[in-house]
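# Remarks on the overall topology
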Amino acid sequence: MSTATIGEPGYPLWLTRRARWFLAAMNAPFIAECPIWTIIGLGGGASGNPALVVPLGLAMGVLQLRHSFAAARGQRPAGWQWTFLALGVVVYLPMFWFTWNWAATQILLIASATMLLRGWLRVAVVAAPVLGTAATAMAVDAAGKWPPSVIGYEGLAWPGNLLLYSAALYAAARLIKAADELYAARTEQAEGAIGQERLRISRDLHDLLGQSLSAISLKGDLALRLLASDPARARSEIESLTGVARRALHDVLAIARDEHSVSLRGEIDAAAGLLTAAGIEVGLTTDLSELPGHAEDVLAWAVREGTTNVLRHSAARTCSIALATGDAGVWLEVANDGARAVSGQGSGLTGLAKRAEAVSGSARTEAAANGMFWLRVWIPKELS
């Protein structure tokens, strides 16, 4: 069941509103760092005019955020080759004027490369600035007669910083994407659970109310026929009809709470009484002495469904209910004559088959040309 308050497909509302702000906040320090150093001249390189530095920083930020937002959606933006090339221009061209003050902008280029490029090209584009910057820093320090410890530190610090910070930006985009996928999976799981609950309610409504409504219809018709000839019996049928209606109401409330239960002995007795009231000769052969506990509920539903089918889909004169326990399991057979032709298998029999399968059993039907119909259910003694 989808919710109207979700802004973008798959995103929870809070994440939809904050995802872009989170990515912008993660990128902002790396976008602003070099322009600030360049303007105030604190990075060890040449300073720059704010009129030039600020537009360069804004262009760099827009390009990087465009790549990050697309990566968070699991995509590459339209024309990404050109925006990546443009980012490379605003990263490397200003280095001719601002030198080391602008070198850390390569963090953005490396992060975008991991988001946009694939395979060996990604490795090459990431490795080139990392190794090139380290080599350049070491060469500059060596030319300036710096101690070997400083040269070695520069050779390690630049690659470490470039890789660490660019990985943080890449991970931020992946985090948003992972959160989206998690929410989508949870939404799908919730929709599946809702679908299963709908199927359960539909199945239970059919199984619980099918027989009750058939009984109400049957007893109502019988009371109308007896009203003129036998008022006392008609009154008795009407009184029993109200009892069936109350039981049906109780069943509906039980379905909503998922607290309904059925008794096999009770269902057999009710089936015999209902079929007899319908003028059908009933034969019972039942042995409940060695019935395994997990089978009773399924067989009770089977008796109810079989009785409902006899009343609704046949003009039966006889019906037999047989229950037998063997070494491997329990067999239930509901057989009747006068069956009408029915196309396909109804939802009640489908639901009964699923109940049987849930306890490693089976439920199947068989029809003959002479109008005979069999419902056979088998439940193993031991659950597999």
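Let us look at the structure shown here. Here the structure is a predicted model, which is why all the values come from computation and not from measurement. (Residues numbered from 1 in each chain as written. Predicted model: local features only at pLDDT ≥ 70, side-chain atom pairs only at ≥ 80, totals over all residues. Heavy atoms only, no water.)

### A short note on the pairing of strand β5 (residues 373-380)
With six of eight residues buried, β5 lies mostly within the body of the structure. With eight bridges connecting them, strand β3 (residues 329-336) and β5 associate as antiparallel partners. Following the sheet pairing, Ala335 is matched in β5 by Trp374. With six bridges joining them, strand β4 (residues 362-367) and β5 adopt antiparallel strand pairing. Among the inter-strand pairings, Arg364 is bridged to a residue of β5, identified as Arg376. Between β4 and β5, which pair antiparallel in sequence order, lie five residues; one of them, Gly371, sits at a positive phi of approximately 95 degrees. (Buried < 20%, exposed > 50% of the residue type's maximum accessible area, 1.4 Å probe, protein only. Helix = DSSP H or I, 4+ residues; strand = E, 2+ residues; numbered from the N terminus. Pairing = 2+ DSSP bridges.)

### Some remarks on unusual backbone geometry
One non-glycine residue with positive phi stands out, namely Thr99, at about 45 degrees. Mapped onto the elements of the fold, Thr99 is located in the loop between α4 (95-98) and α5 (106-116). Even without being a glycine, Ser360 presents a positive backbone phi close to 65 degrees. Structurally, the position occupied by Ser360 is in the loop between α11 (347-358) and β4.

### A few points about the environment of Gln81
Summarising the element assignment, Gln81 is placed in helix α3 (residues 80-92). The sequence separation of Gln81 and Leu116 amounts to 35 residues, and the corresponding C-alpha distance is 8.3 Å.

### A word on the sheet that holds β5
What the five strands build is an open sheet, ordered β1-β2-β3-β5-β4; its pairing is mixed. Unpaired on one side and paired on the other, β1 (281-285) and β4 mark the two borders of the sheet. Each strand of the sheet is rotated relative to its neighbour by a mean of 10 degrees, with strand direction disregarded. As defined by bridge partners, strand β2 (residues 318-325) adjoins β3 across seven bridges and the pair is classed as antiparallel. (Axes fitted to C-alpha atoms, helices over the stretch in contact; angles between N-to-C directions.)

### Observations regarding the nonpolar core
Formed by 41 residues in total, the largest nonpolar core has its most connected members in Leu23, Met60, Leu87 and Trp102. Among the elements of the structure, α1 (13-40), α2 (50-72), α3, α4, α5, α6 (119-143) and α7 (148-229) are those that each provide at least two residues to this core. Contact partners of Trp102, with chain neighbours within four places excluded, come to Cys34, Pro35, Thr38, Val53, Leu56, Gly57, Met60, Val90, Val91, Pro94 and Met95. By size, the runner-up hydrophobic cluster in this structure holds 29 residues, among which are Ile268, Val298, Ala300 and Leu375. (Core = buried A, V, L, I, M, F, W, Y, C linked by side-chain atoms within 4.5 Å. Contact = heavy atoms within 4.5 Å.)

### With respect to empty space enclosed by the protein
What the rule picks out here adds up to two cavities of 30 Å³ or more. Reported here for the second largest cavity is a volume of approximately 30 Å³. For the second largest cavity, the full set of lining residues is Gly306, Asn309, Val310, Val334, Asn336, Phe373 and Leu375. Mapped onto the lining of the second largest cavity, the elements with two or more residues apiece are α10 (293-313), β3 and β5. Ranked by residue count, the leading element in the lining of the second largest cavity is α10, at three residues. (1 Å grid on protein atoms, 1.4 Å probe; cavity = no way out; pocket = protein on both sides within 12 Å on 5 of 7 lines; lining within 4 Å. Points joined across faces, edges and corners; volume = space filled by probe spheres on them.)

### Considering the packing of α2 against α5
The interhelical angle for the contact between α2 and α5, taken along N-to-C directions, is 30 degrees, at an axis separation of 10 Å. As judged from the angle between their axes, α2 and α5 are roughly parallel. As for how α2 packs across α5, the hand of that crossing is left-handed. Each of Met60, Gln64, His67, Ser68 and Ala71 in α2 lies in contact with α5, whose residues at this interface are Leu108, Ala111, Ser112, Met115 and Leu116. (Parallel < 35°, antiparallel > 145°, perpendicular 65-115°, else oblique. Left-handed = near helix turned anticlockwise from the far one by under 90°.)

### Focus on the pattern of salt bridges
The tally for this structure, following the rule as stated, stands at five salt bridges. Here Lys177 makes a salt bridge to Glu181, at a shortest N to O gap of 2.3 Å. Taken together, the positions of Lys177 and Glu181, both in helix α7 and four residues apart, correspond to about one turn of that helix. Residue Glu181 is classed as partly exposed on the basis of its relative accessible area, which comes to 44%. Between Arg376 and Glu366 there is a salt bridge; the shortest N-O distance is 2.7 Å. With Arg376 in strand β5 and Glu366 in strand β4, the pair connects residues that are ten residues apart, well separated along the chain. Within this structure, Glu333, Glu366 and Arg376 form a network of salt bridges that share partners. (Salt bridge = Lys/Arg side-chain N within 4 Å of Asp/Glu carboxyl O.)

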